[in-house]
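# Coordinate analysis (summary)
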Amino acid sequence: MNYDATQTAAGDIRRLTGRAEHHVAAVLGSGLSDYAQHLPGAIAVPYADITGFPVPRVAGHAGTAYSVELGGVPTLILAGRAHFYEGHGLDQVVFAVRAAVATGARTVLLTNASGGCGEYLEAGDLVLLSDHLNLTGQNPLFGPNDDRMGTRFPDLSAAYDPDLRRVAHDTASEVDVDVKEGVYAWFSGPTYETPAEVQMAKRLGADMVGMSTVPETIAARHIGARVIAISLVTNLAAGISPVPLSHEEVQETADAARERFTRLVDALLPRLG
Ligand code: HPA
């Protein structure tokens, strides 16, 4: 656990953005990282300039932090994330979220792309996470606990904040964007799941399968930040989809959903402060 390193990174973020605090942080997932580019007045800081930030290496995952005031709320948008499957340790995977919280963010919006396996889900759906299944056997809190960050045994009974989910549902109806709710199962990747794995996850209660978000949720809850997460179902999961899965399909669906995603997140972020 790296409390001092996250404090150093938070100091870098304060200095490079000129903002003493951020109240909300958002992580933009696969194919969604363009979101920050349309925000007027955003100050862009490359991850490479922030001490300790891992730089993502996957197409569709940028590596830039954007600092911006949205409806008066200082917000730090993390465009691109490091994934476990890239070989980063989970300390690295959750580092940016911990640093963002160390700058003052009490609320974290996590976004991702996922494969849909819930009966009611279709490609293109935006889904609020109601809960998760950690199917990897991994946890970012393995190792000695640093009590300055949080408790040894964090409670995850409401990992995805029910009040924030209500706010997101209200916001979505106001801006006329359909939003569903479901359980997200974390697989390590980088292979997409087998059809048997998808059926297993589905029987265990998953509606979506994906390769991110869960470690960040765990780290954010550990340090006491509230979490809300939105998944874009970019494809039906393996075996449910009639065609083989590809990263190109993921990107194409993300491109097609960009306008709806932007409308929702534009309206939602200022309400999370
Ligand atoms: N599985 C895992 N991760 C994903 C998928 C999927 O089907 N689609 C987008 N990210």
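Preceding this section is the structure that the text describes.
Remember, it's a predicted structure, so these values are computed and weren't measured experimentally.

Quick look at empty space enclosed by the protein now. Applying the stated rule across the entire model yields two cavities of 30 Å³ or more. In this structure, the largest cavity occupies an estimated 80 Å³ of space. What lines the largest cavity is a set of 14 residues, and nearest its centre among them are Gly80, Arg81, Ala82, Val93 and Ala96. Contributions of two or more residues to the lining of the largest cavity are made by α2 (90-93) and α3 (95-102). The biggest single contributor to the lining of the largest cavity is α3, with three residues. Looking at the lining of the largest cavity, its residues break down into ten nonpolar, two polar and two charged. Its boundaries defined by the atoms lining it, the second largest cavity holds a volume of some 30 Å³. Arg81, Ala82, His83, Phe84, Val93, Trp186, Met211, Ser212, Thr213, Pro215 and Glu216 are the residues that line the second largest cavity.

Any two packed helices are characterised by how steeply their axes cross, that is the angle between the axes, and by the distance between the axes. Look at helix α1 (residues 3-17) against α3: their axes get within 8 Å of each other, and the N-to-C directions meet at 65°. Here α1 runs over α3; the crossing is right-handed. On α3, the residues that touch Ala5, Thr6, Gln7, Ala9, Ala10, Ile13 and Arg14 of α1 are Phe95, Arg98, Ala99 and Ala102. Its residues assigned to classes, the contact of α1 with α3 shows seven nonpolar, two polar and two charged.

Conventions adopted
- Residues numbered from 1 in each chain as written.
- Predicted model: local features only at pLDDT ≥ 70, side-chain atom pairs only at ≥ 80, totals over all residues.
- Heavy atoms only, no water.
- 1 Å grid on protein atoms, 1.4 Å probe; cavity = no way out; pocket = protein on both sides within 12 Å on 5 of 7 lines; lining within 4 Å.
- Points joined across faces, edges and corners; volume = space filled by probe spheres on them.
- Helix = DSSP H or I, 4+ residues; strand = E, 2+ residues; numbered from the N terminus.
- Nonpolar A, V, L, I, M, F, W, Y, C, P; charged D, E, K, R; others polar.
- Axes fitted to C-alpha atoms, helices over the stretch in contact; angles between N-to-C directions.
- Left-handed = near helix turned anticlockwise from the far one by under 90°.
- Contact = heavy atoms within 4.5 Å.

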